[in-house]
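Structural overview
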Amino acid sequence: MVAGDTALTKSQFAAGVPLGRIGRPDEVANVVAFLATEQSSFLLGANLYVDGGENRI
């Protein structure tokens, strides 16, 4: 990636995400904060994908 192509690369990546955008750091942090609370105490052995619905193969 060339330095000037950053915006283009981000827009191409975002186009492949069903939500149509790249996630913000606070969105990931909110999931981490939830997992650190008592509210997640009944959650066991789960995979939580914080990726805007990224296609997985």
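Here's a quick rundown of the structure. If you're wondering where the values come from, they're calculated on a predicted model, not measured in any experiment.

**Brief notes about the overall build of the chain**
What the chain contains, in helices and strands, is 2 helices and 0 strands. Classification of the 57 residues of the chain by burial places 5% in the buried group.

**So, the pattern of salt bridges**
Evaluation of the coordinates by the stated rule reveals 3 salt bridges. Residue Arg21 is joined to Glu27 by a salt bridge in which the shortest nitrogen-to-oxygen separation is 2.6 Å. Look at Arg21 and you get partly exposed, because its relative accessible area is 35%. In this structure, Arg24 engages Glu27 in a salt bridge whose closest nitrogen and oxygen atoms are separated by 3.5 Å.

**As for a nonpolar patch on the surface**
A surface patch of nonpolar side chains, amounting to about 560 Å² of accessible area, comprises Val28, Val32, Phe34, Leu35, Leu43, Leu48 and Val50. Positionally, Leu48 belongs in the segment after α2 (25-35). Residue classification places Leu48 among the partly exposed residues on the basis of a relative accessible area of 44%.

**Some details on the environment of Ala29**
Topologically, Ala29 is positioned in helix α2. Given a relative accessible area of 41%, Ala29 falls into the partly exposed group. Separated by 21 residues in the primary sequence, Ala29 and Val50 place their C-alpha atoms 9.9 Å from one another.

**Focus on the environment of Glu27**
Assignment of secondary structure puts Glu27 in helix α2. Glu27 sits 23 residues away from Val50 along the chain, and the two C-alpha atoms are 8.0 Å apart. Here the side chain of Glu27 touches Arg21 through a polar contact of 2.6 Å, side chain to side chain.

**Examining the side chain of Ser40**
By secondary structure assignment, the location of Ser40 is in the segment after α2. Note on Ser40: relative accessible area 9%, which makes it buried. Of the polar contacts made by the side chain of Ser40, one reaches the backbone oxygen of Phe34; its length is 3.4 Å. If we skip the residues at most four places from it in the chain, Ser40 touches Phe34 and Leu35.

What counts as what
- Residues numbered from 1 in each chain as written.
- Predicted model: local features only at pLDDT ≥ 70, side-chain atom pairs only at ≥ 80, totals over all residues.
- Heavy atoms only, no water.
- Helix = DSSP H or I, 4+ residues; strand = E, 2+ residues; numbered from the N terminus.
- Buried < 20%, exposed > 50% of the residue type's maximum accessible area, 1.4 Å probe, protein only.
- Salt bridge = Lys/Arg side-chain N within 4 Å of Asp/Glu carboxyl O.
- Patch = residues over 30% accessible without salt bridge, like charges linked within 9 Å, V, L, I, M, F, W, Y side chains within 5 Å.
- Areas by Shrake-Rupley, 256 points an atom, 1.4 Å probe, with all protein chains shown as cover.
- Polar contact = N/O pair within 3.5 Å; in protein donor to acceptor, adjacent residues only side chain to side chain.
- Contact = heavy atoms within 4.5 Å.

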